[in-house]
Amino acid sequence: MRIAVAGTGYVGLSIACLLARRHEVCAVDIVREKVDLVNVGKSPIADKEIEEFLASGKLNLSATCQPEDCYRQADYVVISTPTNYDDTKNYFDTSSIEGVLDLLDSLETKACVVIKSTVPVGYTEHVSHQYPKLKILFSPEFLREGHALYDNLHPSRIVVGMPFHNADLVPCAEGFAELLEEGAAENKAAIEKLIVGSTEAEAIKLFANTYLALRVSYFNELDTYAEVRGLNAEEIIKGVGLDPRIGAHYNNPSFGYGGYCLPKDSKQLLANYDNVPQNLIRAIVESNSTRKNFIASQVRALSPHTVGVYRLAMKKGSDNFRQSSILGVMERLDDAGVEMVVYEPTLDVDEFFGAKVVNDLSEFKMQSDVIVCNRFDAELQDVVDKVYTRDLWRSDE
C-alpha cells in the first residue's frame, strides 16, 4: 500500500510513522528544513515515540517538498495540514486543506483522500460537492501533544466518516480504519471502530475536545474558589474525584486549557452553535479567559518587582507553545506593566513578548522575585518559595 501524508506536524508525522512500518509512506511538507530532518531520521517536533521511530531506520518513509509523484502513486492521501482558528471569521482557516485538494483534483487522483485536520462541522460534505471527482473522508484524531504517536499506537477508538453516508465510500472508509488498526499496538478486538457520517465524525471531534475543555475549566474554577476562600483545593478535588461517576483523572488545576486543539476546537464548536440554543459552550470559552485573569491578578497581588516565567510549552515533553495558557497570563501581566523574564531553552532569541529571555537557569532564578509555572518541575525545588503554580499533582496532564 502506498500512502501520502500532507503535513509533518504532530498528526501527520505520527500517522506517517505508524503506517510506515508496514507500508510505503511519503510525507509532504512545504518547509524544506522539516523534510530534510525526516529524511535523515530526525524528528522536527518533540515527541519521544516519533523520535525513536525515525531514529530506528526501520520505517519505509521518505519526505518531499514536491508532492506530485507522491500523490499520483498513492492509494491513500492523508491531509493533516494546519487549520488555525480565525477569531475574526469565527472559523477554522481551511485554506491549507483546499490547497492540497486543488492539487489532487488537478492530478485526477484515484486515491482515497482522508482529512485528519480539524475542521468545522459540515466541512467534508461541503468540499465533497466542491471536488466531486475526489473520494473524500474525514477521520478525527484524538492525540495528546508530545504523545501523538503513542496515542496512535494505543487508540481509544478509530472513527472514519463518509459524506452523506455514501455507500460507495465504504471500502475506502473500512480500508483506512483497518490501516490504523493494523498499525496499533493494541489487540485489534479491543479497539472500537466507528464508520459514521462525516458530519457526525466532525462533531465527535469538536464535542470530545470541548468536553475536555469543560473538565479543565470545571476544576480550574473549583481551584479558584478554594484559593479565594483559603481552602485546600487538593483535598476537595480528591474527595470529588472519588465518586466513580466523576473519577480522579484530568483534574489537575492549571492556568487554563491551551495547546493546539482545545482552544480552537471549543471556539469553533461555539461558532457552529449559531442559531442553536446553548449556554454551556459559551461559558466554557469564557471561563478560560476568566481563569487567566484570575491567575494574573494573584501574581500581581504578590507585588513582585520581576516575574520569572518558567517555560512556555503547554505540556512537558513538548516544544510547542502555540495557544499555551501561560502566554495569556503573560499578556495580562504585560498590560499591567509587570516586568518579566522568561526561561525557555527552546527559544533562541533575546526577547519574547516584551520580556527578556534568560536561559541560564541559575541567573533566571536569581533575577525572579516570583516564578510562575503552569507545570512544576523538580529543577525549581531549590526556589520553591518563589514559585507560583496551581499544579497540585506535579504531573504533565
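In this report, the structure presented in the accompanying data block is examined.

1. Digging into the nonpolar core
Soluble, globular proteins show a tendency: their nonpolar side chains are buried together.
And step 1. Judged by nonpolar contacts, the single largest core of 44 residues is most densely connected at I3, V25, L54, L61, L137 and F176.
And step 2. A total of 8 residues in this core trace back to one element, the largest contributor, which is helix α1 (residues 10–19).
And step 3. Counting 28 residues, the second largest nonpolar core, distinct from the first, contains A74, Y131, L134 and A201.

2. What to know about the side chain of R375
And step 1. Along the chain, R375 falls in the loop between β15 (370–372) and β16 (387–388).
And step 2. There is a polar contact of 3.3 Å between the side chain of R375 and the backbone oxygen of N252.
And step 3. Side-chain polar atoms of R375 contact the backbone oxygen of P253, separated by 2.9 Å.

3. A look at the pairing of strand β10 (residues 193–197)
And step 1. Sheet analysis places strand β9 (residues 158–162) next to β10, joined by 5 bridges and oriented parallel. Residue pairing for β10: V159 is matched across the bridge by L194.
And step 2. Once the chain exits β9 it traverses helix α8 (residues 170–183) before rejoining the sheet at β10, and the crossover so formed is right-handed.

4. Quick notes on the packing of aromatic side chains
And step 1. Scanning the entire structure with this criterion turns up 8 aromatic pairs.
And step 2. Taken together, a centroid distance of 5.7 Å and an interplanar angle of 10 degrees make the contact between Y310 and Y343 stacked. Placement of Y310 in strand β11 (residues 306–310) and of Y343 in strand β12 (residues 339–343) is noted, with a sequence separation of 33 residues between them. For the pair shown, Y310 and Y343 are each scored as buried.
And step 3. For the ring pair F352 and F353, a centre distance of 6.3 Å and an interplane angle of 35 degrees mean the geometry is tilted.
And step 4. Ring pairing ties together the aromatic residues Y310, Y343 and F364, which thus form one cluster.

5. With respect to the state of the cysteines
And step 1. Taken as a whole and judged by the stated rule, the model has 2 disulfides.
And step 2. Each disulfide pairs two cysteine sulfurs, and for C26 the partner residue is C70, the sulfurs being separated by 2.4 Å. Within this pair, whereas C26 is found in strand β2 (residues 24–28), its partner C70 is found in helix α4 (residues 68–73), the two being separated by 44 residues in sequence.
And step 3. On the basis of relative accessibility, which here comes to 11%, the residue C70 falls in the buried class.
And step 4. Linked covalently through their sulfurs, C112 and C172 form a disulfide whose S-S length is 1.9 Å. Across the disulfide from C112 to C172, rotation about the S-S bond amounts to roughly -60 degrees, and the bridge is consequently left-handed.

6. A closer look at the sheet that holds β11
And step 1. Strands sit in the order β13-β14-β12-β11-β15-β16 across an open sheet of 6 strands; the sheet is mixed. A single partner strand is all that each edge strand has here, and the edge strands are β13 (351–352) and β16.
And step 2. Looking at chain direction, β13 and strand β14 (residues 355–357) are connected through 2 bridges and run antiparallel. Bridge pairing in β14 links E351 to K356.

7. Details of helix α12 (residues 280–300)
And step 1. Helix length check: α12 (21 residues) gives 30 Å between terminal C-alpha atoms against 30 Å at 1.5 Å per residue, within 8%.
And step 2. Lining the buried residues of α12 we find α9 (198–229), α11 (262–272), β11, α13 (325–335), β15 and β16.

8. Description of the packing of α9 against α12
And step 1. Interaxial distance between α9 and α12 falls to 9 Å at its minimum, and their mutual angle equals 40 degrees. In terms of orientation, α9 lies oblique with respect to α12. As α9 runs across α12, the sense of the crossing is left-handed. Every residue of α12 that contacts α9 at T210, A213, L214, S217, N220, E221, D223, T224, E227 and V228 is listed here: L280, I281, I284, S287, R291, F294 and Q298.
And step 2. Looking at the contact of α9 with α12 residue by residue, the classes come out as 7 nonpolar, 6 polar and 4 charged.

9. Observations regarding the environment of E52
And step 1. In this fold, E52 is placed in helix α3 (residues 48–56).
And step 2. Through-space distance from the C-alpha of E52 to that of G41 is 9.1 Å; in sequence the pair is 11 residues apart.

The rules behind the values
- Residue numbers here run from 1 along each chain, matching the order of that chain's written sequence.
- Reporting of local features is limited, given that this is a predicted model, to residues whose pLDDT is at least 70; pairs of side-chain atoms are given and counted only at 80 or more, and all residues count toward the totals for whole chains, interfaces and linings.
- Excluded from the side-chain calculations are hydrogens and water; all other atoms, namely the structure's heavy atoms, are used.
- The definition of a nonpolar core used throughout is a set of buried Ala, Val, Leu, Ile, Met, Phe, Trp, Tyr and Cys residues joined through side-chain atoms within 4.5 Å.
- Burial here depends on accessible area, computed with a 1.4 Å probe over protein chains only, as a share of the maximum for the residue type. Under 20% is buried, over 50% is exposed, and the range in between is partly exposed.
- Only DSSP runs of H or I with at least four residues qualify as helices, and only runs of E with at least two residues qualify as strands; both kinds are numbered from the N terminus onward.
- Whenever two N or O atoms come within 3.5 Å, that pair is a polar contact, provided that in protein one can donate a hydrogen and the other can accept it, and provided that, for residues adjacent in sequence, both atoms are side-chain atoms.
- Think of it this way: DSSP has to see at least two bridges between two strands before they count as a pair.
- Whether a crossover is right-handed depends on one test, that the path from the first strand over the helix to the second runs clockwise when the strands point away from the viewer.
- Two rings belonging to Phe, Tyr or Trp (six-membered ring only in the last case) form a pair when the distance between their centres is within 6.5 Å. Interplanar angles under 30 degrees mark stacking, angles over 60 mark edge-to-face geometry, and anything in between is tilted.
- Here, two cysteine sulfur atoms that lie within 2.5 Å of each other are counted as a disulfide.
- Here the expected span of a helix is defined as 1.5 Å times the quantity of residues minus one.
- The contact criterion used throughout is that any non-hydrogen atoms of two residues lie within 4.5 Å.
- Comment: axis = line fitted to C-alpha atoms, over the contacting stretch for helices; angle = value between 0 and 180 degrees taken between N-to-C directions.
- Oblique is the label for any angle not under 35 degrees, not over 145, and not in the 65 to 115 range, which are roughly parallel, roughly antiparallel and roughly perpendicular in turn.
- By the definition used in this description, the sense in which the near helix is turned from the far one sets the handedness, with an anticlockwise turn below a right angle giving left-handed and a clockwise turn giving right-handed.
- Residue polarity is assigned by list, with Asp, Glu, Lys and Arg as charged and Ala, Val, Leu, Ile, Met, Phe, Trp, Tyr, Cys and Pro as nonpolar; anything else, Gly included, falls into the polar class.

The analysis is restricted to geometry; functional conclusions fall outside its scope.
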